[in-house]
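Now for the letters of each chain:
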Amino acid sequence: MATTSPPAATTRDLLGLQGMEREHLVHLLRACRAMARVPGAHARALAGKVVANLFFEDSTRTRLSFTVAAQRLGADVVDLSGHTSSVSKGETLIDTATNIEAMGVSALVVRAKQSGAAALIADHVAIPVLNAGDGKHEHPTQGLLDVYTIAEALGRLDTWDFAGLRIAIVGDIVSSRVARSDIAALTTLGAQVVCVGAPNLAPMSLTSLAPAGQVEVARELDPLLPTLDAIIMLRIQFERSSADGHAGHSAGGAQGVLPPKAMGTNVIASVRDYRDQFALTALRAQRLRRGAIVLHPGPINRGIELDAEVADGPSSVILRQVTNGVTVRMAMLKELLSEDRRP
Ligand code: NCD
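Residues numbered from 1 in each chain as written. Predicted model: local features only at pLDDT ≥ 70, side-chain atom pairs only at ≥ 80, totals over all residues. Heavy atoms only, no water.

Trainee: What am I meant to see in the confidence of the model for the protein here?
Mentor: Low-pLDDT stretches of the model should not have their predicted coordinates read in fine detail. For the protein, mean pLDDT is 89; residues scoring 70 or higher make up 87% of the total. Taken together, the stretch residues 243-265 has pLDDT below 50 and engages in 40 contacts with residues farther than four places along the chain or on a different chain. (pLDDT = per-residue confidence, 0-100. Contact = heavy atoms within 4.5 Å.)

In structure tokens:
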């Protein structure tokens, strides 16, 4: 296996996948694969280190996944969440981060509502920062676990060459940090990405996220279905579209009524119309090519963007994404923490 070394200057933090050279990306993905082969071999890799989860925004699977990953490497984990921290008293993200760094922790895993928050914190601390999702910007470990899961299912783990693969991302792409990280990683590996949705959720400007026509925008899902190798379904992020940005509603199910703030900003006109056009229903899933796979970063709004029988069906790799998420985060923590990379 080739061992490519990325430039040292780019390896202290994991802030995003946009602009990352193919060589660096493949290096990280190979580290994930090595971790997947012998996960138990690294049980003491981070013994004596403390990883701090700084989650200024809600999360279930990402926070737990980072926690399980750090513990499997022998690290201790401390948790700080936005609701219980002094951030709610007005302390800035930077103050919070520098104080936690001063306690002697080895790395910060940061999730925040503000796009760019992880990079801002990284500018002010000397320890590695792993971006666990910053606003609408990036979610790099999700991007890595998504491409890892696709490579695993479609037999690309040796080559990391996605040329010839056509992958759709469907739904609220404009609000999605997952989509931005996915588009960066998928196109860097050579895939063709089709962003599918109405103009307010999938604007034409998405085509500028990758060179040479590698990102297309489509308004209709049905004609694409038989052409896809993978389809990534996204949740409508009602909480990012509300007028005050703090709505935090759940969508209420297929027959449910839209949250008032989401209705107020016209994210989607009605759940029923959205389902009619863009949901991966059981009927639509039958039109996917044999061997095509279905992904979703979670949390799923079952019955809105994805039918339960598809989420739990044979083409779904959604739980594989979750399993691979732990492996990817173990690999990234080990990559960033097992050597002293301070300047
Ligand atoms: C995503 C996120 O938080 O960006 N979820 C996740 O990390 N698993 C997507 C979402 O919230 O819809």
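Past the structure itself, the notes keep going.
Trainee: What am I meant to see in the pairing of strand E8 (residues 230-233) here?
Mentor: A regular strand places its side chains on the two faces of the sheet in alternate fashion. The alternating pattern of E8 places Ala230 and Ile232 on one face and Ile231 and Met233 on the opposite face, and all of these are buried. As judged from the 4 bridges shared by strand E5 (residues 166-170) and E8, these two strands associate in the parallel manner. Within E8, the position partnered with Ile169 by the bridge is Ile232. Here E8 pairs with strand E9 (residues 293-295) via 3 bridges, running parallel. Among the inter-strand pairings, Ala230 is bridged to a residue of E9, identified as Ile293. (Buried < 20%, exposed > 50% of the residue type's maximum accessible area, 1.4 Å probe, protein only. Helix = DSSP H or I, 4+ residues; strand = E, 2+ residues; numbered from the N terminus. Pairing = 2+ DSSP bridges.)

Trainee: What is the right way to read the packing of helix H1 (residues 22-37) against helix H12 (residues 318-337) from this model?
Mentor: In a packed pair of helices, the relevant descriptors are the angle between the two axes and the axis-to-axis distance. The contact between H1 and H12 brings their axes to 8 Å, and the two run at 115°. Viewed along their axes, H1 and H12 adopt a mutual orientation that is roughly perpendicular. With respect to the hand of their crossing, H1 and H12 are arranged in right-handed fashion. Of the residues in H12, those in contact with His27, Leu28, Ala31, Cys32, Met35 and Ala36 of H1 are Thr327, Val328, Met330, Ala331, Met332, Lys334 and Glu335. Grouping the constituent residues of the contact of H1 with H12 by class yields 9 nonpolar, 2 polar and 2 charged. (Axes fitted to C-alpha atoms, helices over the stretch in contact; angles between N-to-C directions. Parallel < 35°, antiparallel > 145°, perpendicular 65-115°, else oblique. Left-handed = near helix turned anticlockwise from the far one by under 90°. Nonpolar A, V, L, I, M, F, W, Y, C, P; charged D, E, K, R; others polar.)

Trainee: Looking at this structure, how should I read the sheet that holds E5?
Mentor: What holds strands together in a sheet is hydrogen bonding between their backbones, with the strands either parallel or antiparallel. Taken in spatial order, the 5 strands line up as E7-E6-E5-E8-E9 in an open sheet, and their pairing is parallel. The open sheet is flanked by strand E7 (215-218) and E9, the only strands paired with a single partner. Direction aside, neighbouring strands of the sheet carry axes that sit 20° apart on average.

Trainee: Sorry if this is basic, but what is going on with helix H5 (residues 140-154) here?
Mentor: Residues spaced three or four apart along an α-helix point in a common direction, a consequence of the helix completing one turn every 3.6 residues. Its 15 residues place the ends of H5 21 Å apart at the C-alpha level, agreeing with the 21 Å of an ideal helix rising 1.5 Å per residue. A large share of H5 lies buried, amounting to 13 of its 15 residues. (Expected span 1.5 Å × (residues − 1).)

Trainee: Just to check I follow, could you spell out empty space enclosed by the protein for this structure?
Mentor: Summary: where empty space remains is shown by rolling a probe the size of a single water molecule over the atoms. In this structure the tally under the stated criterion is 2 cavities of 30 Å³ or more. Of the volumes computed, that of the largest cavity is approximately 110 Å³. Along its surface, the largest cavity is lined by 13 residues, and Arg61, Gln142, Pro297, Gln321 and Val322 are the ones closest to its centre. Mapped onto the lining of the largest cavity, the elements with two or more residues apiece are helix H2 (61-72), H5 and H12. In terms of residue count, the dominant contributor to the lining of the largest cavity is H12 (5 residues). (1 Å grid on protein atoms, 1.4 Å probe; cavity = no way out; pocket = protein on both sides within 12 Å on 5 of 7 lines; lining within 4 Å. Points joined across faces, edges and corners; volume = space filled by probe spheres on them.)

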